[in-house]
There are 2 protein chains.
Amino acid sequence: MNKINRKVEYALIGLKHMRSKQPGELTTIKELTALYGCPFEATSKVMQMLAGRGLVRSEQGAHGGYQLVKDLSRVSLYEVMEMVIGPVEIAKCLHGEPGGCDLRQSCNVVSPITLLNRRIIEFYRGLAVGELLDGRVAGPRSQPVELRGLVAEAGHQLSGVE
Amino acid sequence: MNKINRKVEYALIGLKHMRSKQPGELTTIKELTALYGCPFEATSKVMQMLAGRGLVRSEQGAHGGYQLVKDLSRVSLYEVMEMVIGPVEIAKCLHGEPGGCDLRQSCNVVSPITLLNRRIIEFYRGLAVGELLDGRVAGPRSQPVELRGLVAEAGHQLSGVE
DNA sequence: TTTAATTACGACTGTTTTAGTCGCAATTAG
DNA sequence: CTAATTGCGACTAAAACAGTCGTAATTAAA
Ligand code: FES
Ligand code: FES
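As the structure is a prediction and not an experimental result, all values here were calculated from the model.

For the rest of this paragraph, the subject is the overall build of chain A. Across its full length, chain A holds seven helices and two strands. Along chain A, from the amino end to the carboxyl end, the secondary structure elements read α-α-α-β-β-α-α-α-α. The contacts of chain A with a sequence gap of at least 6 include a subset with a gap of at least 24, amounting to 60%. Carbon and sulfur atoms form 51% of the exposed surface of chain A, whose accessible area is close to 8,200 Å².

Structure, rendered in structure tokens:
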């Protein structure tokens, strides 16, 4: 799916909050709900998803909580969205076979929409969460966030990637 | 809303079909359902919306139908989406007051999301439906489709527009 | 003048998605 | 042992989506 829904919002809220902590300092769900008013269980589950994907680390038990692991300037919005709501798809029609659109055979706009979907994904992949949270949302670049800084070493044959 | 849902799909299907007709030649809903398998009533309503907004023209009665009025290379995807599903909003949270998010007061990511929304809108505004249907989806440009070609006359002080 | 083909429009229904809740287990500091 | 916390699955309620139905209104043609 495509939209920034509640889950993504809670993820961003949590990430922004954790980013401002000292390294090693933990954040509890209780803390997030108190500060930002987001519902406990829902926020909890979102954090668990982020933890499962290694973006944050969880510590259980009495003084447990969550802790940011990665550098948000190296994490794309696409990755976060994918962690909490699955692969970005601008239209249900594009879905892999089961549940996919039944008009696919005769549809005259499948390829334009597929292409558009790719562009949107590129956009989200090129947008670092760190910059987004700082309010710096540049126009999209085709260069995915994960690869930034690797350009120098990787040389010029990057076109074959993916 | 943001997603390319069924309504938008039907609109694009119809537009692409009509675009290939001779000037003055009409297209009926029956024709569209026969060719592309889209449901009659739903498609019908979408065309009525496009007609109400002046993108297509309708002719009633026995040999009636719809006819493309505007040049699709001058119509942005944003405009079409807006005609059939209302203003593009990447997150419900941004909704104008009624129904808007109740966390707005305390939320720490309102402004990043607002900005992101603006970028997405810019993207859709910069994307001509004509080019999209031809499979030419370029990376986003900040120049809205409606203003293209006016650049030469308008000179260089376009930054103040909007 | 009648009939058939078509657009116009509102109300309605069923399905899917979203949002949030509940209950209980597992872990760990004190 | 107890309290605070994460971990997880099942569940419910509400909203959005997709499609249908019924009924006018319009017009070409028989
Ligand atoms: S693929 Fe689903 S309507 Fe075009
Ligand atoms: S404004 Fe709705 S959660 Fe941020």
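Let us look at the packing of aromatic side chains. All names here are of chain A. Under the definition given, this model contains two aromatic pairs over all chains. Each ring, one from Phe123 and one from Tyr124, has its centre 5.7 Å from the other, and the planes form 40 degrees; the classification is tilted. The ring of Tyr78 has Arg125 sitting right over it, with the charged end atom 4.6 Å from the ring centre.

Around DNA strand D, 26 residues are found, and the nearest of them are Ser58, Gln60 and Tyr66 of chain A together with Lys45 and Gln60 of chain B. Among atoms of DNA strand D positioned within 4 Å of the protein, sugar and phosphate together represent 68%. The side chain of Ser58 of chain A places a nitrogen or oxygen atom 2.5 Å from a phosphate oxygen of DNA strand D. One nitrogen or oxygen atom from the side chain of Tyr66 of chain A is found 2.6 Å from a phosphate oxygen belonging to DNA strand D. Where the surface near DNA strand D is concerned, the elements lending two or more residues are α2 (29-36), α3 (40-52), β1 (56-59) and β2 (65-68) of chain A together with α1 (6-19) and α3 (40-52) of chain B. Sort the elements by how many residues they give to the surface near DNA strand D and α3 of chain A lands first, with four residues. Its residues placed into classes, the surface near DNA strand D shows eight nonpolar, 10 polar and eight charged.

Another aspect to go through is the relation of the copies chain B and chain A. Between the two copies, chain B and chain A, the superposition gives an RMSD of 0.0 Å; the rotation angle is 180 degrees and the shift along the axis is 0.0 Å. Expressed as a symmetry operation, the mapping of one chain copy onto the other fits a two-fold axis. Same-surface contact between copies: 100% of interface residues of chain B are shared with the interface of chain A.

The next thing to look at is the pattern of salt bridges. Residue and element names in this part refer to chain A. Under the counting rule described, the total for this entry stands at 14 salt bridges over all chains. Ionic pairing is found between Asp134 and Arg136, a salt bridge with its closest N-O pair at 3.6 Å. Here Asp134 falls in the partly exposed class, since its relative accessible area comes to 42%. Taking the relative accessible area as the measure of exposure, Arg136 reaches 53% and is therefore exposed. Through salt bridges with shared partners, a single network forms among Arg19, Asp134 and Arg136.

Definitions and cut-offs
Residues numbered from 1 in each chain as written. Chains lettered and ligands numbered in written order. Predicted model: local features only at pLDDT ≥ 70, side-chain atom pairs only at ≥ 80, totals over all residues. Heavy atoms only, no water. Helix = DSSP H or I, 4+ residues; strand = E, 2+ residues; numbered from the N terminus. Contact = heavy atoms within 4.5 Å. Areas by Shrake-Rupley, 256 points an atom, 1.4 Å probe, with all protein chains shown as cover. Phe/Tyr/Trp six-rings, centres within 6.5 Å; stacked < 30°, edge-to-face > 60°. Lys NZ or Arg CZ within 6 Å of the ring centre and 35° of its normal. Near = heavy atom within 4 Å. Polar contact = N/O pair within 3.5 Å; in protein donor to acceptor, adjacent residues only side chain to side chain. Nonpolar A, V, L, I, M, F, W, Y, C, P; charged D, E, K, R; others polar. Least-squares fit on C-alpha atoms with pLDDT ≥ 70 in both. Salt bridge = Lys/Arg side-chain N within 4 Å of Asp/Glu carboxyl O. Buried < 20%, exposed > 50% of the residue type's maximum accessible area, 1.4 Å probe, protein only.

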